[in-house]
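# Structural features, examined
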Amino acid sequence: MNGLDTTHDPALRSWVNSANDPASEFPIQNLPYGCFRRLGEDDEAWRLGVAIGDQVLDLRAALLAGLPVEPMLGTHTLNHFMLLGATRWHKTRQALSRALAAGSESQGALQACLVPRREVELTLPCSIGDYTDFYTGIHHATTVGKLFRPDNPLLPNYKWVPIGYHGRSSSIRTSGHAFHRPLGQTAGESGTPRFGPTQRLDYELELGVFVGSLNHLGEPRTMAQAEADWFGLVLLNDWSARDVQAWEYQPLGPFLAKNFATTISPWIVTRDALAPFRAPFVRPEGDPQPLPYLDSAANREHGALAITLEVWLQTPSMSEPHRLTRSNFRDAYWTVAQLLAHHSSNGCNLQPGDLLGSGTQSGPGEGEGGSLLELTHGGKQPIVLPNGESRVFLQDGDTVILRGAAEREGCRRIGFGECRATVLPARAFTAS
Ligand code: MN
């Protein structure tokens, strides 16, 4: 397996005791980056941190205390650090791992740089210039395609092109926010469309890929370069207004049905941290192999990633959230490197902090849909919840929580934390 070193050793322990709890999503093998300030301290500067157990290591404070890492980590955004490239990301991970390992000489100096995670709020870890959403979930594409085209669910380009569209970065928020049910134009029965609150609000279970290194305009990346360019992953909820989407999406694709909100988990789990969870990229028998610009021996050997993904729903009257779906990113039809290589293949320049959505990650089985559209068969079969409530699409007050973790026997499980947001009632609309 490529990229494994002492930082991945499952026996490695931290002097931050909570990180050694087997249930912790943030053991010393993870070390994800986020941007935080103390709760209730609105005048305090946002700054970068690393999650470790139930604590955050304040990187600005740690630099002042002598932690030997890149000075760019003392700022309020990861963009500058991302630009440094894979070799220096890797060296930084090793330095952080040494400093936080049990027995480290740094413990005395760094102890004072920890802030309890329950006492912080988190914001976007970097400035997101551009956001692109892909469609790598073939089970999602097939199920949704069947709803519209029963005889021909997958369009002929799907197995050749990583399908995507340009999204909007300004409405991306980190976990814990709430947003108003969007208003929109939908098809009307008489032929005249209606304008009002969406009646078919849905979520999409996705991963988000943060681009690290840039490529210059006009200079495509090879698969090997693309693999080194991506910085890390977050969970991503691509909220969707299905009735608006159905009316507006032809001929130019998603627009207002998608760009009212996107939620991501706040901690970026790095590509380095995910090295133990690589899996072969394999096409089902009879499917075409990728064109050469999307193919490499390394991608075939370990281009995919085994990451368990879940969707949980909490309605206002439920005592605890209920799991709706479990799937695995290993089932995606395209790898992360293929998304970056394809995106840059026409010379389009990707920049540090750009975000790529994976597309909805549904499993192959019944009940493994990554959206309500799939789980309710296009809104025809309600889901019955344990407390007797049912849902076709989301109602006001509902909270959707995405969870994810990379896990493999013999490795320390690493988690993503939560990607959570709540639907508020639509705002009152007046035409003048
Ligand atoms: Mn999507």
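Below is a summary of the structure that appears in this document. (Residues numbered from 1 in each chain as written. Predicted model: local features only at pLDDT ≥ 70, side-chain atom pairs only at ≥ 80, totals over all residues. Heavy atoms only, no water.)

### Observations concerning the nonpolar core
In plain terms, the rule: For this analysis, a nonpolar core means a set of buried residues of the types Ala, Val, Leu, Ile, Met, Phe, Trp, Tyr and Cys, connected via side-chain atoms within 4.5 Å. To sort residues, take the accessible area from a 1.4 Å probe on protein chains only and compare it with the maximum for the residue type: under 20% means buried, over 50% means exposed, and anything in between is partly exposed. Helical segments are the DSSP runs of H or I of at least four residues, strand segments are the runs of E of at least two, and each set is numbered from the N terminus. The criterion used for residue contact is that any of the two residues' heavy atoms lie within 4.5 Å.
Ranked by internal contacts, the top residues of the largest apolar core, which has 62 residues, are Leu233, Trp239, Leu274 and Ile307. In terms of residue count, the dominant contributor to this core is helix α9 (residues 336-344) (five residues). Apart from residues no more than four positions distant in its own chain, Leu274 is found in contact with Trp230, Leu233, Val269, Leu305, Ile307, Ala406, Ile414 and Phe416. One finds Ile28, Cys35, Tyr131 and Ile264 within the second-largest nonpolar core, a separate group that totals 39 residues.

### Re the packing of aromatic side chains
Rule in force here: Only centres within 6.5 Å qualify two rings of Phe, Tyr or Trp (six-membered ring in Trp) as a pair; their planes then separate them into stacked at under 30 degrees, edge-to-face at over 60, and tilted for everything else. Charges are assigned to positions over rings by a cutoff of 6 Å between ring centre and Lys NZ or Arg CZ, combined with an angular limit of 35 degrees from the ring normal.
Taken as a whole and judged by the stated rule, the model has 11 aromatic pairs. Seen from their ring centres, Phe179 and Trp239 are 4.8 Å apart, and the 65 degrees between their planes marks the pair as edge-to-face. Placement of Phe179 in strand β9 (residues 177-180) and of Trp239 in the loop between β14 (230-237) and β15 (240-241) is noted, with a sequence separation of 60 residues between them. Across the pair, Trp239 and Phe179 agree in class, each one buried. By way of ring pairs, the aromatic residues Tyr33, Phe81, Trp89 and Phe231 are connected into one cluster. Positioned over the ring face of Trp230 is Arg271, at 5.9 Å from the centre of the ring. The ring centre of Trp334 lies 4.4 Å from the NZ or CZ of Arg283, which sits over that ring.

### Quick look at the pairing of strand β20 (residues 307-314)
Along a regular strand, successive side chains alternate from one face of the sheet to the other. Note the threshold: DSSP-based pairing: two strands are paired if at least 2 bridges between them are found.
Counted residue by residue, β20 has eight buried out of eight residues, so it is predominantly covered. Taking every second residue as pointing to the same face, both faces of β20 are buried, with Ile307, Leu309, Val311 and Leu313 on one and Thr308, Glu310, Trp312 and Gln314 on the other. Sheet topology note: the β20/strand β25 (residues 399-406) ladder contains eight bridges and is antiparallel. Across the sheet, Thr308 pairs through a bridge with Ala405, a residue of β25.

### Focus: the coordination of the manganese ion
Note the cut-off: Counted as donors are N, O and S atoms no farther than 2.8 Å from the metal, or 3.2 Å for Na, K and Ca; water is not among the atoms, and sites may therefore look incomplete.
Around the manganese ion, the protein contributes the donor atoms Asp133 (OD), Glu204 (OE), Glu206 (OE) and Asp238 (OD), which lie 2.1 to 2.3 Å from the metal centre. Linear spacing of the donor residues for the manganese ion on their chain is D-x70-E-x1-E-x31-D. Just as Glu204 is buried, Glu206 falls in that class too.

### Comments concerning the sheet that holds strand β5 (residues 120-123)
Let me state the cut-off plainly: With axes taken as lines fitted to C-alpha atoms, and helix axes fitted only over the stretch in contact, angles between N-to-C directions fall between 0 and 180 degrees.
Overall, antiparallel pairing links the five strands, which are arranged β4-β3-β2-β1-β5 in an open sheet. The sheet is open, and its two edges are formed by β4 (114-116) and β5, each paired on a single side. Each strand of the sheet is rotated relative to its neighbour by a mean of 50 degrees, with strand direction disregarded.

### Side note on the pattern of salt bridges
A pair can form between side chains of opposite charge whenever their charged atoms are brought close. Applied cut-off: Salt bridge criterion: a side-chain nitrogen from Lys or Arg within 4 Å of a carboxyl oxygen from Asp or Glu.
The full count for this structure, using the stated rule, is 23 salt bridges. With its nearest N and O atoms 2.9 Å apart, the salt bridge here joins Arg37 to Glu121. One end of the pair, Arg37, is in strand β1 (residues 33-38); the other, Glu121, is in strand β5, with 84 residues separating them in the sequence. Exposure remark for Arg37: the relative accessible area of 14% places this residue in the buried category.

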